[in-house]
Amino acid sequence: MKAGSGIPLWIIALLAALCLAVLAWTTFGFVVPFKHETGQAVLDTYFAGYDESAVFHMQTLLDDNETAARLLSAMYFGPELIFPALLTALLFLSFLRLEPVGAWFGRSPHPLIAKAVYLLPFLYGIADYGENISSLIAFGDGGSAGPAAHLLPWMTRLKFASLAICFILLARLAIVRWLSPRQD
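Residues numbered from 1 in each chain as written. Predicted model: local features only at pLDDT ≥ 70, side-chain atom pairs only at ≥ 80, totals over all residues. Heavy atoms only, no water.

Undergrad: Residue-level account of the overall build of the protein, with values.
TA: Within the protein, the regular secondary structure consists of 7 helices and 0 strands. Secondary structure of the protein in N-to-C order comes out as α-α-α-α-α-α-α. By residue count, 43% of the 184 residues in the protein fall in the buried class. In the protein, the share of contacts with a sequence separation of at least 24, taken over all contacts with a separation of at least 6, comes to 78%. (Helix = DSSP H or I, 4+ residues; strand = E, 2+ residues; numbered from the N terminus. Buried < 20%, exposed > 50% of the residue type's maximum accessible area, 1.4 Å probe, protein only. Contact = heavy atoms within 4.5 Å.)

Undergrad: If you had to explain the packing of helix α1 (residues 9-38) against helix α4 (residues 79-98) to someone new, which residues and values would you point to?
TA: Viewed as axis vectors pointing N to C, α1 and α4 meet at an angle of 150°, and their least axial separation amounts to 9 Å. In terms of orientation, α1 and α4 fall into the roughly antiparallel class. Crossing angle aside, the handedness with which α1 passes α4 is left-handed. Here α1 contributes Leu 9, Ile 11, Ile 12, Leu 15, Ala 16, Leu 18, Cys 19, Val 22, Leu 23, Trp 25, Thr 26 and Phe 30 to the contact with α4, which in turn contributes Pro 79, Glu 80, Ile 82, Phe 83, Leu 86, Leu 87, Ala 89, Leu 90, Leu 93, Ser 94 and Arg 97. Tallied by class, residues from the contact of α1 with α4 come to 19 nonpolar, 2 polar and 2 charged. (Axes fitted to C-alpha atoms, helices over the stretch in contact; angles between N-to-C directions. Parallel < 35°, antiparallel > 145°, perpendicular 65-115°, else oblique. Left-handed = near helix turned anticlockwise from the far one by under 90°. Nonpolar A, V, L, I, M, F, W, Y, C, P; charged D, E, K, R; others polar.)

Undergrad: Tell me about helix α2 (residues 52-64), residues and numbers included.
TA: Between the first and last C-alpha of α2 there are 19 Å, a value that for 13 residues agrees with the 18 Å anticipated at 1.5 Å per step. Taken residue by residue, α2 has Ala 54, Val 55, Met 58, Gln 59, Leu 61 and Leu 62 as its buried positions. Mapping the buried residues of α2 onto a view down its axis gives an arc of 165°, with all of them on the same face. In α2, those exposed residues whose orientation departs by more than 90 degrees from the buried face are Asp 63 and Asp 64. Where α2 is buried, its residues touch α1, α3 (66-76), α6 (120-138) and α7 (145-179). (Expected span 1.5 Å × (residues − 1). Arc of directions from axis to C-beta.)

Undergrad: Which residues make up a nonpolar patch on the surface, and what are the values?
TA: The grouping of Trp 25, Phe 77, Leu 81, Ile 82 and Leu 136 at the surface amounts to a nonpolar patch, some 470 Å² of accessible area in total. For Leu 81, the location among the structural elements is in helix α4. (Patch = residues over 30% accessible without salt bridge, like charges linked within 9 Å, V, L, I, M, F, W, Y side chains within 5 Å. Areas by Shrake-Rupley, 256 points an atom, 1.4 Å probe, with all protein chains shown as cover. Salt bridge = Lys/Arg side-chain N within 4 Å of Asp/Glu carboxyl O.)

Undergrad: Account for the packing of aromatic side chains, with residues named and values stated.
TA: Evaluation of the coordinates by the stated rule reveals 5 aromatic pairs. Judged by centre distance (5.8 Å) and plane angle (90°), the rings of Tyr 46 and Tyr 50 are edge-to-face. The buried category is assigned to Tyr 50, whose relative accessible area is 6%. Measuring from ring centre to ring centre gives 5.0 Å for Phe 92 and Phe 122, while their planes differ by 55°; the resulting arrangement is tilted. Of this pair, Phe 92 sits in helix α4 while Phe 122 is found in helix α6, placing the two residues 30 residues apart along the sequence. Phe 92 gets classed as partly exposed once you look at its relative accessible area, which sits at 24%. Three or more aromatic residues joined by ring pairs form one cluster here, namely Phe 92, Tyr 118 and Phe 122. A cation over a ring is seen here: Arg 157 above Trp 154, with NZ or CZ 4.6 Å from the ring centre. (Phe/Tyr/Trp six-rings, centres within 6.5 Å; stacked < 30°, edge-to-face > 60°. Lys NZ or Arg CZ within 6 Å of the ring centre and 35° of its normal.)

Undergrad: Talk me through the layout of surface pockets; I want residue IDs and the actual numbers.
TA: By volume, the largest pocket amounts to about 330 Å³. If you list the elements that add at least two residues to the lining of the largest pocket, you get α1, α4, α6 and α7. Taken together, the residues that form the lining of the largest pocket break down as 10 nonpolar, 3 polar and 4 charged. (1 Å grid on protein atoms, 1.4 Å probe; cavity = no way out; pocket = protein on both sides within 12 Å on 5 of 7 lines; lining within 4 Å. Points joined across faces, edges and corners; volume = space filled by probe spheres on them.)

Undergrad: Describe the pattern of salt bridges, listing the residues and the values that go with them.
TA: The tally for this structure, following the rule as stated, stands at 2 salt bridges. Here Glu 66 makes a salt bridge to Arg 70, at a shortest N to O gap of 3.8 Å. Note that Glu 66 and Arg 70 are positioned in helix α3 at a spacing of 4 residues, about one turn of the helix. Note on Glu 66: relative accessible area 58%, which makes it exposed. Here Lys 159 ties to Glu 131 by a salt bridge, and the two come within 2.8 Å at their closest N and O atoms. Residue Lys 159 is found in helix α7, and its partner Glu 131 is found in helix α6; the two are separated by 28 residues along the sequence. Each member of the pair, Lys 159 together with Glu 131, is buried.

Right, here's the structure in full:
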């Protein structure tokens, strides 16, 4: 019996369904109305990243549009409080289910590197929450808006980079597991 098989598939499926539900809530409850209200997408959806000028443009836009500012704030205090934790749990449990670590690369990697792979979902979660906090500060009225505006693009890049690495590794692990001979 493989160690990763101790995690029931229904738990992973339930987490995936919850992630999709919260993502739909975010998209249809906040992102689409925000785009309708402002004509511009929420910065969190810029997969290719953005620079500080986009943050300053968003600050100006939110200063001029109270409805958009309330939508964005409600998004961060609503589904964005839940989604990073759900997706982090889904990614982590998926890694655990698809182990063993030694079979990931066809040979046994250094133990620290093997264990570091399990930290990638947590890096994503920390980066996503960091992005959300930076957004709230950057688009708020506080004196820390400037430093948060400089940090925000980097948090978004870190979030999407760690998420992409997680998805690539999970796809590779699923393929390796599917192609490996069954041991019953």
